Amino acid sequence: MRNILLVLKREYMVRVKKKSFLIMTFLAPLLFVGFYATVIWVAVGSVESKNVQVLDQSGLFTGQFQNSKTINFQYLNMSLDSAKASLKATKSTALVYIPENVMDNPKNVKIYAPKNVSLELQSDIEKTIEKQIENIKLTEAGITRRVLEDSRINVDSQTISLSEEGEKSSSSGAATAIGGICAFLIYISVFVYGTQVMRGVTEEKTSRIVEVIISSVKPFQLMMGKIIGVALVGLTQFVLWILLTVALTSAAGAMLGDQFPKDPKQIEQQFNDLNKNMPASALKANSGPQNPVSEVLSAVNSLNLPLIISCFLFYFLGGYLLYSALFGAVGAAVDNDADTQQFMLPITLPIIFSFVFAQFVLRDPDGSLAFWTSIIPFTSPIIMMVRIPFGVPAWQIALSMVLLVLGFMGTTWLAARIYRIGILMYGKKVSYKELAKWVFYRG
Amino acid sequence: MNILETHHIVKEYANHRALDDVSISIPKGSIFGLLGPNGAGKTSLIRIINQITGPDSGHVLFDGKPLSENHIRHIGYLPEERGLYKKMKVGDQLLYLAQLKGLSEKQAMEKLKSWFIKFDIKTWWDKNVSDLSKGMQQKVQFVSTVLHEPDLIILDEPFSGFDPINANLIRDEILELRQKGSTVIFSTHRMETVEELCDYIALINRSKKVLDGPKKQIKEQFKTNTYFVEYTGMLNGLVEQYAVRSSREIEPGYHRADIQLPEGINSNQLLRDLISQVEVRAFGENIPTMNDVFVRAVNEVPEA
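Residues numbered from 1 in each chain as written. Chains lettered and ligands numbered in written order. Predicted model: local features only at pLDDT ≥ 70, side-chain atom pairs only at ≥ 80, totals over all residues.

Quick notes on the overall build of chain B
Quick reminder of the rule: Numbering goes from the N terminus for both helices and strands, where a helix is a DSSP run of H or I of at least four residues and a strand is a run of E of at least two. Restricting the calculation to C-alpha atoms gives the radius of gyration, and the globule rule supplies 2.2 Å times the number of residues raised to the power 0.38. Three exposure classes are used, based on other C-beta atoms lying within 10 Å of a residue's own C-beta, which is placed from the backbone: buried for 20 or more, exposed for 12 or fewer, and partly exposed in between. Each residue gets a C-beta atom placed from its backbone, and two residues are in contact if those atoms lie within 7 Å.
Within chain B, the regular secondary structure consists of nine helices and 14 strands. A compact globule built from 304 residues should have a C-alpha radius of gyration of about 19 Å, whereas chain B, at 24 Å, is more than 25% larger. Considered along the principal axes of its C-alpha atoms, chain B spans approximately 75 × 45 × 35 Å. For chain B, the proportion of its 304 residues judged to be buried stands at 36%. Pairs at least 24 apart in sequence give 71% of the contacts found in chain B among residues at least 6 apart.

Things to note about the overall build of chain A
Helix and strand content of chain A: 17 helices and six strands. Across the 443 residues of chain A, 33% fall into the buried class. When contacts within chain A are restricted to residue pairs at least 6 apart in sequence, those whose partners lie at least 24 apart make up 71%.

Looking at the interface of chain B and chain A
Here is the rule: Think of it as three bins: nonpolar holds Ala, Val, Leu, Ile, Met, Phe, Trp, Tyr, Cys and Pro, charged holds Asp, Glu, Lys and Arg, and polar takes everything else, Gly as well.
Each partner contributes residues to the interface: chain B has 21 residues there, and chain A has 16 residues. Sort the elements by how many residues they give to the side of chain B that touches chain A and helix α2 (residues 90–100) of chain B lands first, with four residues. Among the residues forming the side of chain B that touches chain A, the class breakdown is 11 nonpolar, five polar and five charged.

Notes on the domain arrangement of chain B
Note on interface size: it is often stated as the accessible area lost on association of the parts. The criterion, for reference: The split of the chain into domains comes from an automatic or database domain assignment.
Structurally, chain B comprises domain 1 (2–218) and domain 2 (224–286). Centre-to-centre, using C-alpha coordinates, domain 1 of chain B lies 45 Å away from domain 2 of chain B.

Topic: the environment of valine 405 of chain A
Looking at the element boundaries, valine 405 of chain A is found in helix α16 (residues 394–422). The spacing of valine 405 of chain A and isoleucine 98 of chain A is 307 residues in sequence and 68 Å in space, taken between C-alpha atoms.

Comments concerning helix α4 (residues 134–146) of chain B
Since the α-helix advances by 3.6 residues per turn, residues separated by three or four positions end up pointing in the same direction. What counts is decided by this rule: In this scheme, a helix's expected span is set at 1.5 Å multiplied by one less than its residue total.
With 13 residues, α4 of chain B should cover 18 Å at 1.5 Å per step; its first-to-last C-alpha distance of 19 Å lies within 8% of that length. The inward-facing, buried residues of α4 of chain B contact β6 (75–78), α2, α3 (105–118), β7 (152–156) and α5 (164–179) of chain B.

Quick word on the pairing of strand β10 (residues 208–214) of chain B
All names here are of chain B. We count it as follows: Strands were regarded as paired on the criterion that DSSP finds at least two bridges between them.
Pairing of strand β9 (residues 200–205) with β10 involves six bridges; the strand directions are antiparallel. Bridge pairing in β10 links leucine 203 to leucine 211. Between β9 and β10, which follow one another and run antiparallel, lie two residues, and arginine 206 among them has a positive phi close to 50°.

A look at the sheet that holds strand β4 (residues 110–112) of chain A
Residues and elements named next belong to chain A. Definition in use: Every angle, taken between N-to-C directions, lies between 0 and 180 degrees, and every axis is a line fitted to C-alpha atoms, over only the stretch in contact when it is a helix.
Taken together, four strands build an open sheet; the order of strands is β2-β1-β3-β4 and the sheet is mixed. In this open sheet, the two strands that pair with only one neighbour each are β2 (71–76) and β4. Here the average twist between neighbouring strands, direction ignored, is 25°. As paired elements, strand β1 (residues 50–56) and β2 share six bridges and run parallel to each other. Residue leucine 55 lies in a different strand from β2, and its bridge partner there is leucine 76. Against the sheet, helix α4 (residues 119–140) makes contact with β2, β3 (94–98) and β4, and its axis sits at roughly 25° relative to β3, the strand it touches most.

Written out as structure tokens, the structure is:
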């Protein structure tokens, strides 16, 4: 035990003192906050207003295009050729040409622009024209828009999850977001820190210090010390990231506070603008009659955060331990970093697969794919974290956790068998057959 | 009293037997030469003594007790392939290695200080190992091997990579450690080192122990009972009684001959006979060098 602690301490100190660790630890939150600050600044900040000229020869659309904060419509009354000619001089973004026979031939609508028109603007214009044509046709058929609107009923559902504690309002949007983020973090950290373990092992092997070390320490102790040391480096980094990000965001929030618009309607507008760039799932969380910020907060609060955080730590550690032992074994089996590729594939495949499965599980967190992949130890660290924010029966979590513990005990045993032989083996290209022999080799 | 005994050690690897029934005894306080050609099995034996691997059969006694984990801190090992953490400071590294051998940080610090003064390497403490020359790294590694004052020091080719001055420095340290009561195992195929330092030897060839015992006794075994004589004049009547193995003229009129003594005749008789015929300038017994012993012992074993 003393030896494991000594090894652990060295592995930890060496890595934490590295420049790259310090840079990553302090730079990442800055980049993160900087990125969001930029996004918000862009969204809040003034968007250039555009002038769009409308040449309506059908006379049906005059006054139908709504001026918005960013787009200003002007109606022209001249020939198409002269309108085209004057487009450049007026510095307008685009010229919308609506021909006389638009009712019969809607495809003849044309948008002229010196530069390409944004998709957003194009679809805005198309929608307005479609709506107007629809109105006219409805009128012709004797239906007024009013009748039509009355027939539409807006259903705004709230998802309520039923549990022993009674009903509580939940948000599948927030659950999706949290599940996705957790899965991604575990995915990345298993790779990053697993590779660090592997590098550490090959470094000891190539520098030949390993023979000195294992004349004092059992190979298993050396391996465990290294794995746990790197895990603590990972945890340190996470904790520092969280603390720094929180500190930076609150500092940035305090500074930007004055510039934020106070009117809740304006905030809503900006959030909706932002949401256009977000996946539909995230959008659901925010749309609604209430102030979206408070709704997000209440949605997040509705999730069982202590459970999620403790499960995240458990699955991060479990997944990391399971895979880093294997990474360590690969490091021991080869002579240098370049040779690791051939053994990496079977280890990286399940990790990548679980990340791919995670996308499906997000859509159907209670399906049979979700169930099985969250039970099997090789995929459970990522998949279970996707499911937990949606609520998972306790027995499934317990089963998955027990299997994960058994799983990493198994991989650690396997890795240790390969490791103890591999670290003393030089100058030999190792095959899978050879590795299998090592596992059953006594001594 | 033997500090280490191995009894009938057998170690097999996938396609060959690395050690075949190897039994050696290493007396306390000796400098023990473990000899053998490359690939004979020396490193396998050393790894078993260091508990890096275990024997397939046979057992090892350390100080009369079966070898166990407790003995690790009483052994210091300098492997042939030297290595240190390249990106670690010399001081931190030595502290770490000493603690792995069971010293507390404080003890290690005290001992390190005296070694750094002794070797005059105080300025190295904060340097990265990769900034040191190869010879300097070897010195650091030597310190790491003996820092915890082990009872048994195992040195695998300790002088390779040292310039003559540093080699002498290390040799003196080894002798001093022996003086203080440590036992030293040398694994080497450099016979001049063995000649100079070892009291006992064991020779391993093709996985088997071929020879072992006190160096003097082994040399005795390998004596051919020949004497050399340097003389002026002509050797004539000797030929009937003695076999002259070789004879050559070193300078004009000055000869050297190797003469084998037959059973029952001692060197005084030979000398008397020589004096009656020639003018003897020098006379002595041909003692085999370790080199001779090594070459003969290795060649005597028939190819498997």
